[in-house]
Amino acid sequence: MEEEISIILKEYGLSDKEIKVFLFMVENNSTTAYQIANGTKIYKSTCYDVLERLITKGFVSKSVEKNKMIYSTRDITEILGVVKSKEELLTSLIPKIKTLESKEQTFVKHVDSESAFLGIDSKISELAKKKELTFVYMMGNNPKITTKSSTILIQRLINELSRANIKNVVKCRGLWDPQFRKNDFMRKFSVLGDNRFIDLPSDATTIIFDGYVVFFFIEDRPNTIEIKNRKVSQEMKAYFENIWAMAKK
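So, a few notes on the structure that sits alongside this text. Everything numeric in this text was worked out from a predicted model, so none of it was measured.

The next point concerns the overall build of the chain. A tally of regular secondary structure across the chain gives nine helices and nine strands. A separation of at least 24 residues holds for 64% of the contacts in the chain among residues at least 6 apart in sequence. Working note: accessible area of the chain is about 15,100 Å², and carbon and sulfur atoms make up 53% of it.

Take the sheet that holds strand E4 (residues 135-140) next. Reading across from one edge, E3-E9-E8-E7-E4-E5-E6 is the order of the seven strands in this open sheet, with mixed pairing throughout. Every other strand in the sheet has two partners, leaving strand E3 (107-112) and strand E6 (194-197) as the edge strands with one partner each. Put simply, the sheet's adjacent strands are angled 15 degrees from each other on average, direction ignored. Two elements, strand E5 (residues 171-176) and E6, share four bridges in a ladder whose sense is parallel. Looking across to E6, one finds that Gly174 is bridged to Asn195. The sheet strands contacting helix H6 (residues 120-129) are E3, E4, strand E7 (205-209), strand E8 (212-218) and strand E9 (222-228), and the helix crosses E7 at an angle near 20 degrees.

Calculation criteria
- Residues numbered from 1 in each chain as written.
- Predicted model: local features only at pLDDT ≥ 70, side-chain atom pairs only at ≥ 80, totals over all residues.
- Heavy atoms only, no water.
- Helix = DSSP H or I, 4+ residues; strand = E, 2+ residues; numbered from the N terminus.
- Contact = heavy atoms within 4.5 Å.
- Areas by Shrake-Rupley, 256 points an atom, 1.4 Å probe, with all protein chains shown as cover.
- Pairing = 2+ DSSP bridges.
- Axes fitted to C-alpha atoms, helices over the stretch in contact; angles between N-to-C directions.

The values are spatial; any link to function lies outside them.
Have a look at this one:
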């Protein structure tokens, strides 16, 4: 019987020492920490810690009698009441936790490797699948970088937007250096949206979409700097649209 009780208490979350102290107390009713330490062969200082944990978990109570601290086990129905009360408290936390979880994380990630360009297309495609993608803006002035980093992305995006039936909902725009005019990449991007041309001073390719801004560039190896922040994304979107108004078709 005692072994079965121990298994259940361990399953509930009590440690071996907590179980040992609790069962000793059940058999010996109210007692002192000194008596519990002697009976269980647990150091007195450790015994105090165990008793405090059992009090916190609702299995034990304490009181003062004749200037002595007396520890007693709670009736099993009282223990169940404490458990139920804590369960209700945790249940009340669910909507609050969900609210915290819904707050978007902010991060900046730098990847410096041959695989630096991988993964961004997956993020955009996933947003498209969930119908949470509203815009994709791209800027580039280096055909080599843009073609290498973006051809797969564009094809996947075309596929996902078609599958999700939201191709006309997502605003896709590309701002390019004039040297792109005869580049085959323009034909691919035109399937998604509109292109305009303007002299761009940057060697990086930039992609702006819902909640993200990503910069592609090559030093010794391909690099990406990925920023996840809705405010930054919206600011960069506004910056893009100002340039878009000045660019030529």
